[in-house]
Structure formats: structure tokens, C-alpha cells
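Topology and contacts: notes
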Amino acid sequence: MTKVGGPELIVGEIKAQPALSNQLVTTKLILEEKLAIVYIHRAPANAFSYELIKTMTETFRKIEEIKSIRTVIFTSSVDRFFSAGVDLEEFGRGKEEWLDYWRTLRSMFITIYESRLNIISAINGFAIGLGCALALASQDRYMLNGPGTIGINPVNIGIPVPIWLMQRYVELVGQRLSEKLLIMGVSLKAPEAKEIGLVDEVFENEEEMLAACIELARAKHKINELAQVETNRLLRHSFVKTFYAEEEEDVERMAYFVQLPEIKQIIQDKLEEMRSRRASRQAEHK
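Residues numbered from 1 in each chain as written. Predicted model: local features only at pLDDT ≥ 70, side-chain atom pairs only at ≥ 80, totals over all residues. Heavy atoms only, no water.

Under an unreviewed UniProt entry, the protein has the name ClpP/crotonase and belongs to Basidiobolus meristosporus CBS 931.73.

1. Points about the overall build of the protein
Rules: Each helix corresponds to a stretch of at least 4 residues labelled H or I by DSSP, and each strand to a stretch of at least 2 residues labelled E; elements are numbered beginning at the N terminus. It is over C-alpha atoms that the radius of gyration is taken, and the globule rule equals 2.2 Å times the number of residues to the power 0.38. In this scheme, a residue with accessible area under 20% of its type's maximum is buried, one over 50% is exposed, and one in between is partly exposed, where area comes from a 1.4 Å probe on protein chains only.
When you go through the protein residue by residue, the secondary structure sums to 10 helices and 14 strands. Against the globule reference of 19 Å for 286 residues, the protein gives a C-alpha radius of gyration of 19 Å, in line with a compact fold. With the C-alpha coordinates aligned to their principal axes, the bounding extent of the protein is approximately 55 × 55 × 35 Å. Relative to its full complement of 286 residues, the protein shows a buried share of 50%.

2. Structural notes on the environment of isoleucine 159
Convention followed: Whether two residues are in contact is decided by their heavy atoms: any pair within 4.5 Å suffices.
Counting through the fold element by element, isoleucine 159 comes out in the loop between strand S12 (149-151) and helix H4 (163-173). Excluding anything up to four places from it in sequence, isoleucine 159 contacts Phe91, Pro154, Met254, Val258, Ile263 and Ile267.

3. What about the packing of helix H2 (residues 95-113) against helix H8 (residues 225-245)?
Our working rule: A fitted line through C-alpha atoms represents every axis, and for helices the fit uses only the stretch in contact; the resulting angles, taken between N-to-C directions, go from 0 to 180 degrees. Reported orientations rely on four angle classes, namely roughly parallel under 35 degrees, roughly antiparallel over 145, roughly perpendicular from 65 to 115, and oblique for the rest. Each crossing is labelled by how the near helix is turned from the far one, with a counterclockwise turn of less than a right angle marking it left-handed and a clockwise turn marking it right-handed. In this classification, the charged set is Asp, Glu, Lys and Arg, the nonpolar set is Ala, Val, Leu, Ile, Met, Phe, Trp, Tyr, Cys and Pro, and all remaining amino acids, among them Gly, are polar.
Contact pair H2 / H8: the axes reach a minimum separation of 11 Å and the direction vectors enclose 160°. Viewed along their axes, H2 and H8 adopt a mutual orientation that is roughly antiparallel. Along this stretch, H2 crosses H8, giving a crossing that reads as left-handed. Across the interface between the two elements, Arg106, Phe109, Ile110 and Tyr113 from H2 touch Arg236, Phe239, Val240, Phe243 and Tyr244 from H8. Residue classes in the contact of H2 with H8 are distributed as seven nonpolar, no polar and two charged.

4. Focus on a negative patch on the surface
Keep this limit in mind: The patches described consist of residues with a relative accessible area above 30% and no salt bridge, like charges being joined within 9 Å and nonpolar side chains (Val, Leu, Ile, Met, Phe, Trp, Tyr) within 5 Å. Accessible surface area values rest on a Shrake-Rupley calculation with a 1.4 Å probe, where residue burial reflects the displayed protein chains alone. Here, a salt bridge means any Lys or Arg side-chain nitrogen found within 4 Å of an Asp or Glu carboxyl oxygen. Under the convention used here, Asp and Glu are negative, Lys and Arg are positive, and both His and the chain ends fall outside the count. Lysine's charge is taken at NZ, arginine's at CZ, aspartate's at CG and glutamate's at CD.
The grouping of Asp79, Glu204, Glu206, Glu207 and Glu208 at the surface amounts to a negative patch. Within the fold, glutamate 208 resides in helix H7 (residues 206-221).

5. Remarks on the pairing of strand S5 (residues 25-30)
Basically, it comes down to this: A strand pair is defined by DSSP finding two or more bridges across the two strands.
Counted residue by residue, S5 has six buried out of six residues, so it is predominantly covered. Following S5, the chain reverses through four residues before pairing antiparallel with strand S6 (residues 35-40); lysine 34 in that reversal takes a positive phi of roughly 60°.

This is the structure in C-alpha cells:
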């Protein structure tokens, strides 16, 4: 039996109490299974603010320090959203603040990507932009078959796809499909994402998905840890090397685009649209 929610996670007879918790992230350690489940909960959409990115990175590093842990499962406790991506409010920062934000974002991605840990994303809602990037940092991606979609879409607000995210996307789905999808800012439903290799498995409910994640972790834990970690490091070495070599170029490119007046206007219009929708929903619930 797998139960998600409440103060405990129950898997069979195993109970895990929350640990490393704060207002943005809750981590549940299941030491008997050598794994941790990280729940993101920054309502309403788990958008990545500077604070959330810092918290995710710090939490992940603390988990890495627990030598007995071999797998981390990322998921969300916010209804309908794994993560909607970058918090658009962050685009209002000045150039130097933006540079710091983007470097911090990159640091979160690469910290997860080059970790010794097995990483599984249990995508239980929309995974857009940086939400998709978090999933792409994982070795395995399981997704709930529901209204949520997954994709990389910064072109929709006038910003090019970061080169490192583009490279990772191409690794998974291929050059031609990337040209079709990234240029148009397309997001896909779970079955479509599985068909092209963007996600590995699709599930009809969250309980089955989380149980499958744990079974996958168990299978991986049967393999010698040193051999597994080194093999994963070598598989990802080329990407990591390029990621660091192109850091300054990437940071400057992104800073240039987000400072353009026409891009600022697009983002401002999007923010006003979001605020209007939020106000309408709140009025409906009064």
C-alpha cells in the first residue's frame, strides 16, 4: 500500500517522517529504501523564485551528504503543477540581480544533473520551462496522464532556449523533433511525451506512479553503487564539460534578452494577465 499526503509516507510497512522541511520544500526520508522524496510546494504553480531555487539546491546537497541515500524522487504537493517554470516576477530584476538569479538557476540544474544520486522525477502536473528542466536533470521521468503538459517554451515570451537546456532536450528526443518543438514552444501531454522519449512511463494515478518510482529505485539499488555512480558520471561527462565551458556565454546571452524593452513588455503583459486570472478565481471562491 502506498499513501501520499498527510504527515507520513507509508509504503508497505515502511514509515517515513518529514525531514529537511521548510515552507517551500518537504523531504521525506525512507532510510530502509535508501531514498528521499522531495515535494515542492510553492503554490499556486511551483514557479521557481530565487528563494525556491536556493532552497531546492541546499536541500538536495543536504540529502547528498546522507551516505546511505542512493535515490531522490522529485514530485509536487501543489495541485495540477509539477512546476510552471521560472517565476516571471524574477524578470523584473536589474541586470546584476538577474545575472545572480540565472547563475543560481544553473547551479541548481547542474548540482542535480551531476550528482552521485539516482534522480527520478514523478511529474504529477504541468512541467513547463524550468519545471521541464528539472525533469531533464533526472535520469528517469515518470508522468501522470492528466491535464498537465511538459515542454520548454521560453520562445513564447521572446527568449531563446538556453543552449544547455537545448542540448539536453536534443539528447532525449533528437535533433529534428527538437527543431520542431523548441522553435514553436510546444508542450506535450504525457502520452505524446512518452512517444518521443521525453518521459519514460505514463500512469493513471499518483499512487501507482510513486510506487513505480520506488520499485525502480529498488532495482537500481541492486547494482554495485561505485560502478553505477562512475558509469553515470562518464555518461554525463561530455554534457557537464560543455555546460561549464559555455557558462559565461549563456549568462550574458540571457541577460541581454531579458533586458530588451520589447521582451520586458511581453513579460509585463503576461504578468498582468496572470494577476487578472488569479483575481477572477479568488472572486469566484468568495
